[in-house]
Amino acid sequence: MSPLRTRIASAVLLSLVSPLGYVSPVIAQQSAPPPIDPAALRFSNDLLKRMTLEEKIGQMTQVALNSPDGPGVEDRIRKGQVGSLLFIKDPREINRMQHIAMDESRLHIPLLIGFDVIHGYRTIYPVPLAMAASWDPQVAETAQRMAAREASSFGIRWAFAPMVDIARDPRWGRIMEGAGEDPYLGARMAEAQVRGFQGKQLSDPDTLLACVKHFGGYGGAVGGRDYDSVNLSDDQLWNVYLKPYQAAVNAGAGSLMSAYMDLNSVPATGNRWLLHDVLRDQWKFPGFVVSDWESVKSLTTHGFSKDDHDAAVRAANAGVDMEMTSHTFREQLPAAVKNGEVSQAVIDDAVREILIAKYRLGLFKNPYADLDRNARETLSAEQRAASRKAATRTAVLLRNEGNLLPFKQAPPTMAVIGPLADSKPDTMGSWSLAGHPADTVTVLEGLKQRFPSTKIQSTKGVETYREQPSIFDDQFPDPKPTLTTDAAKKAEFDHALDMVRNSDVTVMVLGEAQPMSGERASRASLSLPGKQQELLEAAVATGKPIILMLLNGRPLDITWASQHVPAILEMWYPGTEGGNAAADLISGDANPGGKLPVTWPRNVGQIPLYYADNLTQIAAEPDTRYWDETSAPLYPFGFGLSYSNFALSNLHVNESTLHIGQPLHASIDVENTSTVPGDDTVQLYIHQRAGSASRPVRELKAFQRITVPANQKRTVDLVLQPNELTYWSASTHTWVTEPGVFDIWIGDSVKANAHATFTLTK
Ligand code: BGC
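The rules behind these values
- Residues numbered from 1 in each chain as written.
- Predicted model: local features only at pLDDT ≥ 70, side-chain atom pairs only at ≥ 80, totals over all residues.
- Heavy atoms only, no water.
- Helix = DSSP H or I, 4+ residues; strand = E, 2+ residues; numbered from the N terminus.
- Rg over C-alpha atoms; globule rule 2.2 N^0.38 Å.
- Buried < 20%, exposed > 50% of the residue type's maximum accessible area, 1.4 Å probe, protein only.
- Contact = heavy atoms within 4.5 Å.
- Areas by Shrake-Rupley, 256 points an atom, 1.4 Å probe, with all protein chains shown as cover.
- Lys, Arg positive; Asp, Glu negative; His and termini not counted.
- Charge placed at Lys NZ, Arg CZ, Asp CG, Glu CD.
- Near = heavy atom within 4 Å.
- Polar contact = N/O pair within 3.5 Å; in protein donor to acceptor, adjacent residues only side chain to side chain.
- Nonpolar A, V, L, I, M, F, W, Y, C, P; charged D, E, K, R; others polar.
- Core = buried A, V, L, I, M, F, W, Y, C linked by side-chain atoms within 4.5 Å.
- Expected span 1.5 Å × (residues − 1).
- Salt bridge = Lys/Arg side-chain N within 4 Å of Asp/Glu carboxyl O.
- Axes fitted to C-alpha atoms, helices over the stretch in contact; angles between N-to-C directions.
- Parallel < 35°, antiparallel > 145°, perpendicular 65-115°, else oblique.
- Pairing = 2+ DSSP bridges.

### Considering the overall build of the chain
Phase 1: Summing up its helical and strand segments, the chain has 23 helices and 26 strands in all.
Phase 2: A globule of 762 residues ought to have a C-alpha radius of gyration of about 27 Å, and the chain, at 26 Å, matches this closely.
Phase 3: The principal-axis extent of the C-alpha atoms belonging to the chain is close to 75 × 65 × 45 Å.
Phase 4: Sorting the 762 residues of the chain into buried and exposed places 63% on the buried side.
Phase 5: Long-range contacts, defined here as pairs at least 24 residues apart, represent 77% of the contacts in the chain between residues at least 6 apart.
Phase 6: Accessible surface computed for the chain: about 27000 Å², of which carbon and sulfur atoms make up 51%.
Phase 7: When the 73 positive and 86 negative side-chain charges of the chain are each reduced to one mean point, those points stand 3 Å apart.

The structure is reproduced here in structure tokens:
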């Protein structure tokens, strides 16, 4: 093991050289994370010299307060046996623990307090899939900046986010935690979140160390079944799945989490190719790697290591620097180092990086929560306003027949129906572990506040519950069913329909309760759970105008609704201010401008379905790839409506011939032909016509969300960066940039039809 896992941050040229020897200088420049702060390195090396092996392994140990190891952790902190704590939320408790570490341990090393700050801490922001639907990296950056400000005021300085796993199978429950199916959009969202968490400089007290997860390829679980094996070709790994992780690493993310599952039959947490060859040798990642929850110990469950000892040895040698929750490092590494199975250098590298992170965060100077700042920041008006704005920018309008939305004037009567209409936890969504349901504004509450003169009636109509318990039940209990008899269920169903009949307009708030989405929340179907579909169909059958508002973390089967319900607004899990944001959108105070970050299937049998597939033997048209279903999605990637109408014209591509290494500039005019200002997102796709390997039919390579005033036109300039023409070729097994003809399309979904071509030359 080279002592230079001290990782001199040199550009990674090797992997970028094409068989013809072209290296794009831009790629080379972009392919390295920021260098290590020399002061942090010196400090950590000095401290390292004074540490015993037990203290070093202590730094490599994270204890979850809600695990069997939690009780009595104070004593171990005192002895220097703990480097990090997880699932501790009370700032006074955090300060008490930090005092033990700082005042009572031999070397006074502060604890690193981690938490799943996925989409907010106490103030909950829209889930990451929603943030990606904004197609505005600034939305993601601001949300994570605000989350960092709030969480750090509690003494938390490490977020287990961003989750950057590409997901092309909506059965997988964790699709809600990432940016969807596309590596380019995913990479931009990953970088933005790192910037948001880590702020201008990590030493500012209001930052969180980012933790890129789950490395790597976790979103490719077979059958969408959480934790199942992932089998990805090299082409898919390099060109799709690994891209957002590398973008986050290059954006300076301070830590990374190894994943649970087998990647091509080698568990990610024991996968030295991933954690060392790719991450360290090629990407020059300078931060530290934490395992996922008990994923070191579970190397044995995978049938990979033979026992705990073997698991600890193989995880440490693969490149895991800190173990989350299980205690194989603590119990097994001392002997493994003594008998030479794990070298002292492996331990020192791991500990050095953990100490560097603590130093960069300023924890050695001040690891304590600032209780005054905590009082000011928690759920402040500024936090709530930011969350509300984010939730309006992340909503996607999927249908709006006859311009049913927005309301031209307040309706005299309204029904707000559905199991999620007035449910606070379901407005927040999964991974809201520090949020309080009581702080949350539901859709019903938001509408009541926005339309004070409207007579609003509301009821659930049906109840929906997960059939199996969720892993979060003890931390975030789901309410129990109240309708327990068939008669009670029927009475409630009929009651809801009466309300629909007696109202001028109905907002149906349907989707998935929060435990139905997220970790260990995979599904075999995409239907609206429970009897929601029946309720929706019965409500539509009344002939009254219906708006379907979805709260969910994955595309659902709304094929029937897409033909029969005039207005469909996808709100995802919008967070603390979700109800107010919903009211802003319904009233027209805000205009929806989100676009889908995933291809929306019409039938679960089409999965996996994503836009960037390769051309095949059979042309896409006529559409005969299934004989019992079209292969077209219900809604294409990048699609979303607005209350405005846009006309795109005048595509202009500045270069018809381009040299390798040169950017291409393109522009298009976006005209708002309506009387309301609104946002459109201009998307640039390319296709390489021929090369050493087949290339996807379209690939997103640039985008920009813009606001266009009513009846005005704006020109949007997009740049296709030269490194975006480089791909990993499955035939040459190298990164290549190949001369030839490329198609280019610009539009406001993947269906963009303004087309041009350019030729890439040496
Ligand atoms: C999840 C991680 C999470 C960790 C700690 C694991 O089960 O996979 O994403 O950060 O728990 O909560």
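### Details of the site of the ligand
Phase 1: Surrounding the ligand, one finds 13 residues, the nearest of these being D116, R174, H214, Y260 and D292.
Phase 2: Between the ligand and Y260 there is a distance of 2.6 Å, counted from an oxygen atom to a side-chain nitrogen or oxygen.
Phase 3: In the shell around the ligand, the residues fall into seven nonpolar, one polar and five charged.

### A few points about the environment of S291
Phase 1: Topologically, S291 is positioned in the loop between strand 9 (288–290) and helix 12 (298–301).
Phase 2: Using a relative accessible area of 0% as the deciding quantity, one classes S291 as buried.
Phase 3: For the pair S291 and K200, spaced 91 residues apart in sequence, the C-alpha separation works out to 27 Å.
Phase 4: Apart from the residues within four sequence positions on either side, S291 is in contact with M257, S258, T269, V296, V320, M322, E323 and M324.
Phase 5: A polar atom in the side chain of S291 sits 2.9 Å from the backbone nitrogen of M324.

### Comments concerning the nonpolar core
Phase 1: Counting residues in hydrophobic clusters, the biggest one holds 155 residues, and the most contacted among them are L85, V117, I156, F215, L333 and I558.
Phase 2: Here this core gets seven residues from one element, more than from any other, and that element is helix 15 (residues 344–360).
Phase 3: Not counting the four nearest positions on each side in its chain, L85 is found in contact with Q62, V63, L65, V73, I77, M97, L111, L112, I113 and G114.
Phase 4: Counting residues in hydrophobic clusters, the runner-up holds 48 residues, among them A179, I706, V750 and A752.

### What to know about helix 15
Residues spaced three or four apart along an α-helix face the same direction, because each turn holds 3.6 residues.
Phase 1: Here helix 15 is 17 residues long and its end C-alpha atoms lie 24 Å apart, about the 24 Å a rise of 1.5 Å per residue gives.
Phase 2: Counting buried residues in helix 15 gives 13 out of 17 residues, a clear majority hidden from the surface.
Phase 3: Taken from the residues just after helix 15, G362 is the one with a positive phi, measuring 80°.

### Here's the deal with the pattern of salt bridges
Phase 1: Across all of its chains, the model carries 45 salt bridges by this definition.
Phase 2: Salt-bridge contacts for R174 lead to E177; the nearest nitrogen and oxygen are separated by 2.7 Å. There is no split in this pair, since R174 and E177 are both buried.
Phase 3: Ionic pairing is found between E512 and R554, a salt bridge with its closest N-O pair at 2.6 Å. With a gap of 42 residues between them, E512 in the loop between strand 14 (505–511) and helix 21 (532–541) and R554 in the loop between strand 15 (546–551) and helix 22 (559–564) connect regions that are remote in the sequence.
Phase 4: Accessibility expressed as a relative area gives 0% for E512, which makes it buried.
Phase 5: In this structure R554 comes out as buried when scored by relative accessible area, which is 0%.
Phase 6: Members of the salt-bridge network, linked through shared partners, are D235, R695, E699, K701 and E724.

### With respect to the packing of helix 9 (residues 234–241) against helix 10 (residues 243–250)
Phase 1: Across the interface, helix 9 lies against helix 10 with an axial gap of 6 Å and an inter-helix angle of 45°. Here helix 10 runs oblique to helix 9, going by the angle between their axes. Contacts between helix 9 and helix 10 pair L237, W238, N239, V240 and Y241 from the former with K243, P244 and Y245 from the latter.
Phase 2: When the residues that make up the contact of helix 9 with helix 10 are grouped by side-chain class, the tally is six nonpolar, one polar and one charged.

### Some words on the sheet that holds strand 12 (residues 413–417)
Phase 1: Pairing within the open sheet is mixed, and its six strands lie in the order 11-16-15-14-12-13. Each having just a single partner strand, strand 11 (396–400) and strand 13 (455–459) make up the two edges of the open sheet. Strand-to-strand twist in this sheet, taken as the mean axis angle between neighbours without regard to direction, amounts to 15°.
Phase 2: With four bridges joining them, strand 12 and strand 14 adopt parallel strand pairing.

### Remarks on unusual backbone geometry
Phase 1: A cis amide bond links A161 with the next residue in sequence, P162, at an omega value of 10°.
Phase 2: Here P162 lies in the loop between strand 4 (158–159) and helix 8 (183–198).
Phase 3: For the bond from L405 to P406, the omega torsion is -10°, close enough to zero to count as cis.
Phase 4: With respect to the helices and strands, the residue P406 is situated in the loop between strand 11 and strand 12.
Phase 5: Backbone geometry at N711 places phi at a positive 55°, although glycine is not the residue there.
Phase 6: Mapped onto the secondary structure, N711 falls in the loop between strand 21 (699–708) and strand 22 (713–720).
Phase 7: A relative accessible area of 52% places N711 in the exposed class.

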